[in-house]
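Each chain, letter by letter, is given below.
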Amino acid sequence: MPKIRVMPTLLFKDVGLVKGVAFDSWRRVGSAMQAVKVYNMREVDELVYLDITATSDGRPPDFETVDDLADECFMPLTVGGGVRTVEHVRRLLKVGADKVAINTAAVEQPALIREIADRFGSQCVVVSIDARRRPDGTYESYTHAGRRPVGKNPAALAKDAEAMGAGEVLLTSIDRDGTLQGYDVELTRLVCEAVSIPVIASGGAGTYAHMADVLREGRASAVAAASMYHFTEQTPLAAKQYLREAGFPVRL
Amino acid sequence: MRSIKYCARCVMPETKPDLFIDGDGVCSACRNYERRGAVDWDRRRQELQTILERYRSKSGENYDCVVPVSGGKDSHFQTIRLLELGMNPLAVTATTDHLSAIGRRNIENLKKQGVDYIEVTTNPLVRRKINRLALAQVGDISWPEHVTIFTIPVRIAVQLGIPLIVWGENPQNEYGGPAGAAADNVLTRRWLEEFGGLLGLRVSDLVGREGLEPRHLIQYTYPSDEALRRVGVTGLFLGYYVPWDGYSNALYAQAHGFETYPQPVEGALVNYENLDNAQTGIHDYFKFLKYGFGRATDLACLHVRRGRLVRADAVKLVRMHDGKFPWVYLGTPIEEIVRSIDMTLDDFIRVCDRFTNKKLFECDARGNLVKDRDGNLTKINYDNP
Amino acid sequence: MKRVAVVDYGMGNLDSVGRAIEECGGRPIVTDRAAEIETATHIVLPGVGAFGDGIRNLRARGLDEILREHAVVGGIPFLGICLGMQLLGARGHEGGVTDGLGWIEGEVRRLEPAGQDQRVPHIGWNEVSFTRASPLFTGVAPGHDFYFVHSYHLVCRDKEDVLATTPYCGGFVSAAARGRIFGVQFHPEKSQRLGFQVLRNFLAV
């Protein structure tokens, strides 16, 4: 059976990696090359690399940096940030990305998902959805690195993207991001139940138990984390060992 | 191409991890230093006395504390100050990778201040493998040294039942960092991971590489939480309790026999620090390649903050000395240093290029780094416009 | 030194495959030219994308003929990866029916979920179990995981062509071979240690 994937997320801002809390208070955490090499050493299941200011800067993806990093990356790599055209996707795939994540463009140009899926296959299109919980318990989706509300709940957005040909969802809880307090399990479950494509849970992981929770109750196919790996002594490998003991199928 | 932003007060670039530049263009390290003026140092001194008193060995049959030392100016200051405060410290050294002659002489001088002293040297054959692995994987040849600087004194503290470890400087106070860390002066495992600069590489990552097994990595292994709790090991930063200044420490140390280098150390601006490890030149150089600042910048900032150097002069000195390819360090040629870790100079240069953050340096039309005759890079900008 | 022609037909993660080949001791030559394919010791056909586009791009560059000449006829060891494996089939059913290279008899069809929570595309690590011995899997223990990222798969007509299967969506062929023509549905260049073992094994053929 397919194994639960445990993947680190790298957020790139301007010149290097950063980590934030609730998509704010960005802290520089070091060299991207170093992080890629360390995770490569650790043979993680997959790596997610997002350029978080590409869209707000009005820039295309940074192909050169991705090229350099991908050269050191012998595991599956999902790259996102500023992807707006089919040509962007072609170039990213060429320089080493296996999948491309689309966030703002997925909302502003839904037809783009179809174009990319037709050209390169659904399996390389990841729709990246960032969401916040409203006081009434419902959820709102956001684009532009969490700054612009879409006016659609994440489950509906995911469904539409799936219909357009997206192959996977990267679902991030903005509220939980960087807090190490646990994933938003309910958000994850809502989206997982709305689609039949894999969903990667992201935002809030602080302990291995959090991962088990979102996999069990949220029904995610994979768990992404960043702060947990940057700031504590926990590792993807130890996470998988914990998950295996908890009865999940993992690659060890 | 965007430009690098620098602190308006010192000359630190924003690319340094954990550094913030605020709305006025002033960096968090400068702001931290500013706050020093508001510190009640008398009160801090009393707090220090209280802590020391609490941990002093009542029976006198054990040491009052462990003081991790290297033989450098800060080690001298820490040790002498503890002796002056009536403590009986056990000085503990984790031997550096490539100990220099002057480094050895300074260690001998430190012992002469009047302390029992333990030096732990890790297996050199294992060490050079780790140096090479760390250089290739995380671009830090000194990674093993940074690990053992923490693990060895803590292991000794556990093994000898000495709860208090007196470190020198809290890197977060002077060099900036999230307020959370600056407010916490006790060394916990979590602190180590979050701010100890372990670069994400862990001892466990080494197992299975180049024949390394757990039995080779004993000294690199931090004691368990259980062992730490049993002994009650805690650590404090002297730099939190006294107005820490590397230069004053150097003066104090020199007056007690500490030896300085005949000229400013390569890539730095001074002759009184980082004298003990020939590999430090490489370590500093990689900081420059990754983040755009080297040892000269660090030192210039320290002196600017204390009013010993004006910013304009600091900018000039940094331009002259920062980030030069480390052909020689403490008089040791680079070929000798890389050969001692089983690398060729070409291998080394390839690793340098791999870790260089191209966004910070001038590149040609084909995207290759521009290097001068001596292999030096040029930053895209050395100051704010 | 093995000269490995990595076929460039405008679709594929050429860099990744090239880098992996380098790590495995080969010299990758990214090319679409007959002269370079002819003098290669091995040929690799990567592929990311749709079947129809894939075969059209190959034909447009005359690569279907060039590759047939050197791999099928000339006997140069050949490895198709992911879409590259699917193109070896006789026909593809992605977005209409299209003829493939036809070197391994079979149809390329969409994965159909066969149980609760079987999601398509098939993305992630999954077991590869061998149905017969092959030099491609020397030193690889059965049942270990390789990385898959696909929605379609090659249904082999002849059992002898099947090297390995993976239990998902009712079970599908994850590796096939006829003579020195090999195809793997997973990405060896992304499957780390085991993937590199497979690449090294291929280069030793």
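Residues numbered from 1 in each chain as written. Chains lettered and ligands numbered in written order. Predicted model: local features only at pLDDT ≥ 70, side-chain atom pairs only at ≥ 80, totals over all residues.

> Whenever I open this one, helix α11 (residues 236-245) of chain A confuses me. Can you help?
Residues lying three or four places apart along an α-helix face the same way, a consequence of the helix completing one turn every 3.6 residues. Residues and elements named next belong to chain A. Those residues of α11 that fall on the buried side of the exposure criterion are Pro236, Ala239, Lys240 and Leu243. Buried residues of α11, seen end-on, are gathered within an arc of 95° and therefore sit on one face of the element. Gly247 sits one or two positions beyond α11 and adopts a positive phi of about 95°. (Buried ≥ 20, exposed ≤ 12 C-beta atoms within 10 Å, placed from the backbone. Helix = DSSP H or I, 4+ residues; strand = E, 2+ residues; numbered from the N terminus. Arc of directions from axis to C-beta.)

> Hey, could you run me through unusual backbone geometry in this one?
Negative phi characterises most residues that are not glycine, and trans characterises most peptide bonds. Cis geometry is found at the peptide bond from Val120 of chain C to Pro121 of chain C, where omega equals 10°. The residue Pro121 of chain C is located in the loop between β7 (106-110) and β8 (122-130) in this model. Phi at Asp14 of chain A takes a positive value of approximately 65°, unusual for a residue other than glycine. A positive phi angle, near 55°, is found at His144 of chain A, a position not held by glycine. Position of His144 of chain A relative to the elements: it lies in the loop between β8 (139-143) and β9 (148-149).

> I tried to follow the interface of chain A and chain C on my own but got confused; where do I start?
Quite often, the size of an interface is put as the accessible area lost when its parts meet. Each partner contributes residues to the interface: chain A has 31 residues there, and chain C has 27 residues. Of all elements in the fold, only α4 (86-95) and α6 (110-120) of chain A reach the threshold of two or more residues within the side of chain A that touches chain C. Taken together, the residues of the side of chain A that touches chain C sort by class into 12 nonpolar, 7 polar and 12 charged. (Contact = placed C-beta atoms within 7 Å. Nonpolar A, V, L, I, M, F, W, Y, C, P; charged D, E, K, R; others polar.)

> Which parts of the structure should I look at to understand the confidence of the model for chain B?
The predicted coordinates ought not to be read in detail in places where the model reports low pLDDT. Residues and elements named next belong to chain B. Here chain B averages 89 in pLDDT, while 92% of its residues score no lower than 70. With pLDDT under 50 throughout, residues 174-186 is counted as low confidence; its partners more than four residues away or in other chains account for 32 contacts. Overall fold confidence for the complex sits at a pTM of 0.86, while the interface term, ipTM, reaches 0.90. (pLDDT = per-residue confidence, 0-100.)

> Help me understand the packing of α4 of chain A against α6 of chain A in this model?
Any two packed helices are characterised by the angle at which their axes cross and by the distance between the axes. Residues and elements named next belong to chain A. For the pair α4 and α6, the least separation of the axes is 10 Å and the interaxial angle reads 40°. In terms of orientation, α4 lies oblique with respect to α6. Here α4 runs over α6; the crossing is right-handed. Mapping the contact onto sequence places Val86, Val89 and Leu93 in α4 and Glu115, Ile116, Arg119 and Phe120 in α6. Class assignment of the residues belonging to the contact of α4 with α6 gives a composition of 5 nonpolar, no polar and 2 charged. (Axes fitted to C-alpha atoms, helices over the stretch in contact; angles between N-to-C directions. Parallel < 35°, antiparallel > 145°, perpendicular 65-115°, else oblique. Left-handed = near helix turned anticlockwise from the far one by under 90°.)

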